[in-house]
Each structure stands twice: as C-alpha cells, then as structure tokens.
Amino acid sequence: SIKKHGTDYDGVDITIYSSANYQIYYCPQFELQVKCTSQRNVIRSQGLVWQMDARPFRKITNKKRFIPAYLAVLVIPGDPEAWLEQDQEKLLTRSRMYWQEAVLLGEIGDDAGSKTVHLPHANLFDVHQLRRIMKSLGDGGDG
C-alpha cells in the first residue's frame, strides 16, 4: 500500500508499506523520494545518473532516519501520447523507474549545492524488486 505525503518536509513523497507478516516484523515500510524525467541523457552504461539538490539529499540520507528512505527516478518518454497504452487486455506504461537505498547514495560536502548519485540498472523498480525490499526489511535487514 502507499501513503502519500502532503508535503515532503522530510525529503520523501510517499511511504510504501506491506501488511504482510515477515520473519521479524509485521507491516514493514520505507519512504520514497520520487523524481521524474524524460531526459534520455541520464541513462548511462552503468545505470542512471541523477543530480540531486543538497537539501533533499541530506534529508533522505540522514543517518538518524527511523524509517529507511530510498530515491527513485522515473524515466518517461518525451511525448505524453507515448506514456500509456490501454485496451481490454492491458494497461502498458512506457516508463521505467530506477531506485537506490538512500544509505548507499554516499555523502555530500557541507558547502555543496548538489550531489550526483548513481542508480544501477539492476535496481529497476518492479514487482520482484519491491517484494525483495519488503522481505529484506521484514526479515530485519536494511532493504
């Protein structure tokens, strides 16, 4: 399930949680900062490269966070007509979203205005990855 935040004071847009019972925890959750772009130059050979402003970067990477935070970048086609295709059989989106645990985004200098972060191709946000994150959190891991 998803809980939407009215504001992103804490550097996140939504909280994703599971009502499942895992090995250690019931109802694990994580917070997600979501960005969206139609720029193709952000996708490189090693993954997605994103320039993140210092303020939200510091918030999601804060080592005192109680609920784990993640960054996700949704890459969409430049033409809005190409975003979705729907018929009686399916709803198809021509987008993909990459993610990374905030704790793995690195650090930023005190006087820096932004930070370039890397989201690997292997971190394609899909059903399998979401289930893996939830299981890891529910079993007591970091995600």
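Attention in this report is confined to the structure presented alongside it. In this convention, every chain numbers its residues from 1, walking through the sequence in written order. Under the rules for a predicted model, residues below a pLDDT of 70 receive no local features and side-chain atom pairs below 80 are neither given nor counted, while totals for whole chains, interfaces and linings still include all residues. Heavy atoms from the whole structure form the basis of all side-chain values; hydrogens and water molecules are not counted.

Considering the environment of Thr7
Then step 1. Put simply, DSSP marks the helices as runs of H or I at least four residues long and the strands as runs of E at least two long, and each gets a number from the N terminus on. Residue placement: Thr7 occurs in the loop between strand E1 (2-4) and strand E2 (14-17).
Then step 2. On the accessibility criterion, Thr7 (42% relative accessible area) is partly exposed.
Then step 3. Residues Thr7 and Gln29 lie 22 residues apart in sequence; the distance between their C-alpha atoms is 18 Å. Working definition: with a 1.4 Å probe on protein chains only, accessible area under 20% of the residue-type maximum means buried, over 50% means exposed, and in between means partly exposed.

Thoughts on the packing of aromatic side chains
Then step 1. In this analysis, rings of Phe, Tyr and Trp, with Trp reduced to its six-membered ring, are considered paired at centre separations within 6.5 Å, and the interplanar angle assigns stacked below 30 degrees, edge-to-face beyond 60, and tilted for intermediate values. Considering all chains together, one arrives at 2 aromatic pairs under this definition.
Then step 2. Consider the rings of Tyr70 and Trp99, whose centres lie 5.7 Å apart with planes at 55°: the pair is tilted. Of this pair, Tyr70 sits in strand E6 (residues 69-75) while Trp99 sits in strand E9 (residues 96-101), placing them 29 residues apart in sequence. The same class applies to Tyr70 and to Trp99, which are both buried.
Then step 3. Three or more aromatic residues link up through ring pairs in this structure, and these residues are Phe30, Tyr70 and Trp99.
Then step 4. Both a distance and an angle decide whether a charge sits over a ring: NZ of Lys or CZ of Arg must be within 6 Å of the ring centre and within 35 degrees of the ring normal. Its end group placed over the ring of Tyr17, Lys3 keeps NZ or CZ at 4.6 Å from the ring centre.

Some details on the side chain of Asp139
Then step 1. For Asp139, the location among the structural elements is in the segment after helix H2 (127-138).
Then step 2. Two N or O atoms form a polar contact when they lie within 3.5 Å of each other; inside protein one atom must be a possible hydrogen donor and the other a possible acceptor, and for residues adjacent in sequence the pair counts only when both atoms belong to side chains. A polar contact is formed between the side chain of Asp139 and the backbone nitrogen of Gln23, at a distance of 3.1 Å.
Then step 3. Every residue in contact with Asp139, bar those within four places of it in the chain, is listed here: Tyr22, Gln23 and Ile24. The contact criterion used is simple: two residues touch if any of their non-hydrogen atoms lie within 4.5 Å.

Focus on the layout of surface pockets
Then step 1. Of the volumes computed, that of the largest pocket is approximately 500 Å³.
Then step 2. Using only the protein atoms, space was sampled on a 1 Å grid; points where a 1.4 Å probe fits but cannot get out form cavities, open sets with protein on both sides within 12 Å along at least five of seven lines form pockets, and lining residues are those with an atom within 4 Å of a point. Gln29, Phe66, Ile67, Pro68 and Leu137 are the residues nearest the centre of the largest pocket, which is lined by 22 residues in total.
Then step 3. Polar here means any residue other than Ala, Val, Leu, Ile, Met, Phe, Trp, Tyr, Cys and Pro, which are nonpolar, and Asp, Glu, Lys and Arg, which are charged; Gly is therefore polar. In terms of residue class, the lining of the largest pocket is made up of 13 nonpolar, 5 polar and 4 charged.
Then step 4. Its volume calculated, the second largest pocket comes out at about 190 Å³.
Then step 5. As for the second largest pocket, its lining consists of Phe57, Arg58, Thr61, Asn62, Lys63, Ala102, Val103, Gly106, Glu107, Ile108 and Asp110.
Then step 6. For the lining of the second largest pocket, the per-class residue count stands at 4 nonpolar, 3 polar and 4 charged. Grid points are joined across faces, edges and corners, and a volume is the space filled by probe spheres set on the points.

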